[in-house]
Amino acid sequence: QSPDRRHPVGDPTDQRERANLKIALARAGYDSPTAVQAYYGIRLLLALTFAVVALLIVPMVVPSYQRTATLLFSSTLLAGVAGFMAPVIWTVRRRLSRQRRIREGLPPILDLLLVCTEAGLGLDMAIAKVGDEVRATEPLLGEQLNLISAELRAGRPRASAFRGFAERTGVQEVSSLVNLLVQSDTLGTSMSGTLRVVAADMRDHQLLRAEELAQKVTAKLSMVLVGCFMPALVI
């Protein structure tokens, strides 16, 4: 088969991969329309830069009698691979950091939404109000709430705007919150009651997560103490 028939233009697999990459970059904070192209370009540029730097540095560091073509090739290849994978590692770490900050800042946001809805504001107005209020203390969640508010003002359905929020963050707690809000909006139940239950549940999960981390401290500390004291005891 010809290459065009094996890989037709508009391959669904390639489109799916680019869509997944776009979502992953958006979760890391890179939501520009050209983020995917810039991501690929930076990876190639860093790979070439690292390879050229290694090709220049290795001859200056390694003596001439130990310098071989295999050494130059392997060091250049490893440097190129490191440069090619560096944006991947950076993006993953940034995404995990943003998700952790969103997860930790979500319960206070829900409390503010609960206060606004119980004060008589509708959910759309409450989202806009809380987004403006928390812009300084929780910039990530404030940005997401302002984006939801802008989408709602533009006429996007509420369920679609909420699901877009869950997709952009990739946080399990946000997905659960969105599902409950969509169900509550569809069935016509009280939003304030839903927010109260979800806020209490998230605080319980945060407490359990903190207790889990506290329980791990003993095991980690024992390994450090054994590693530091055993050489002294043996000596």
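Attention in this report is confined to the structure presented alongside it. As a convention, each chain's residues are numbered from 1 in the sequence order in which they are written. It should be noted that, the model being predicted, local features are given only for residues of pLDDT at least 70 and side-chain atom pairs only at 80 or more, the latter also being counted only at that level, while totals for whole chains, interfaces and linings use all residues. In computing side-chain properties, one takes all heavy atoms of the structure into account and sets aside hydrogens as well as water.

On a plain count of helices and strands, the protein comes out with nine helices and zero strands. A run of H or I in DSSP becomes a helix once it reaches four residues, and a run of E becomes a strand once it reaches two; helices and strands are each numbered from the N terminus. Reading the protein from its N end, one meets helices and strands in the order α-α-α-α-α-α-α-α-α. Two things to know: the radius of gyration comes from C-alpha atoms, and the globule rule equals 2.2 Å times the number of residues to the power 0.38. Relative to the 2.2 N^0.38 estimate, which gives 18 Å for 235 residues, the radius of gyration of the protein is 25 Å and therefore markedly larger than a compact globule would have. Taking the principal axes of its C-alpha atoms as reference, the protein extends roughly 80 × 70 × 35 Å. For every residue, the accessible area obtained with a 1.4 Å probe (protein chains only) is divided by the maximum for its type, and the residue is called buried under 20%, exposed over 50%, and partly exposed between those limits. For the protein, with 235 residues in total, the buried portion stands at 29%.

Glancing now at helix α5 (residues 123-133). Buried residues of α5: L123, A126, I127, A128, V130 and G131, and no others. Contacts are residue-level and defined by heavy atoms, with any inter-residue pair within 4.5 Å sufficient. Considering only its buried residues, α5 is in contact with α4 (69-118), α6 (139-153), α7 (158-169) and α9 (191-234).

Time to look at α9. For α9, with 44 residues, the first-to-last C-alpha span of 65 Å sits near the 64 Å given by 1.5 Å per residue. Elements in contact with the buried residues of α9: α4, α5, α7 and α8 (172-187). Each residue after the first adds 1.5 Å to the expected span of a helix.

Glancing now at the side chain of S149. Here S149 shows up in helix α6. Discounting residues that sit within four places of it in the chain, S149 has contacts with I127 and A128.

The salt bridge definition used is simple: a Lys or Arg side-chain nitrogen within 4 Å of an Asp or Glu carboxyl oxygen. One pass over the full model with this rule turns up eleven salt bridges. The salt bridge partner of E118 is R196, with a shortest N-O separation of 2.0 Å. Placement of the pair is E118 in helix α4 and R196 in helix α9, with a sequence separation of 78 residues. Classification of R196 as partly exposed rests on a relative accessible area of 41%. Here K216 ties to E212 by a salt bridge, and the two come within 3.6 Å at their closest N and O atoms. Taken together, the positions of K216 and E212, both in helix α9 and four residues apart, correspond to about one turn of that helix.

Before going further, it helps to examine a nonpolar patch on the surface. A cluster of nonpolar residues, V217, L221, V224, L225, V226, F229, M230, L233 and V234, forms a patch on the protein surface that exposes about 880 Å² of accessible area. Here V226 lies in helix α9. Nonpolar side chains (Val, Leu, Ile, Met, Phe, Trp, Tyr) within 5 Å and like charges within 9 Å form the patches, drawn only from residues with over 30% relative accessible area and no salt bridge. Here the accessible surface of atoms and residues is derived via Shrake-Rupley with a 1.4 Å probe, and residues count as covered only by protein chains that are part of the display.

Here we take up the packing of helix α3 (residues 35-61) against α4. One way to put it is that α3 packs onto α4 with a least axis distance of 7 Å and a crossing angle of 145°. In this structure, α3 meets α4 at a crossing whose hand is right-handed. Seen from α3, the contacting residues are Y39, I42, R43, L44, L46, A47, F50, A51, A54, L55, V58 and P59; seen from α4, they are L72, S75, T76, A79, G80, A82, G83, F84, M85, P87, V88 and T91. The nonpolar class holds Ala, Val, Leu, Ile, Met, Phe, Trp, Tyr, Cys and Pro. Asp, Glu, Lys and Arg form the charged class, and all remaining residues, Gly among them, are polar. Of the residues contributing to the contact of α3 with α4, the split by class is 18 nonpolar, five polar and one charged. Axis lines are fitted to C-alpha atoms, over the contacting stretch for helices. Their N-to-C directions set the angle, which ranges from 0 to 180 degrees. The sense of a crossing depends on the near helix, which, turned anticlockwise from the far helix by less than a right angle, makes the crossing left-handed and, turned clockwise, makes it right-handed.

With that out of the way, let us pick up the nonpolar core. By nonpolar core we mean a set of buried residues, namely Ala, Val, Leu, Ile, Met, Phe, Trp, Tyr and Cys, connected to one another through side-chain atoms within 4.5 Å. Counting residues in hydrophobic clusters, the biggest one holds 32 residues, and the most contacted among them are L110, L113, I148, F162, V174 and L177. If you list the elements that add at least two residues to this core, you get α4, α5, α6, α7, α8 and α9. Considering each element in turn, this core owes the most residues, seven residues, to α4. If we skip the residues at most four places from it in the chain, L113 touches A126, I127, V130 and L195. Counting five residues, the second-largest nonpolar core is a separate cluster that includes L21, L25, A35 and Y39.

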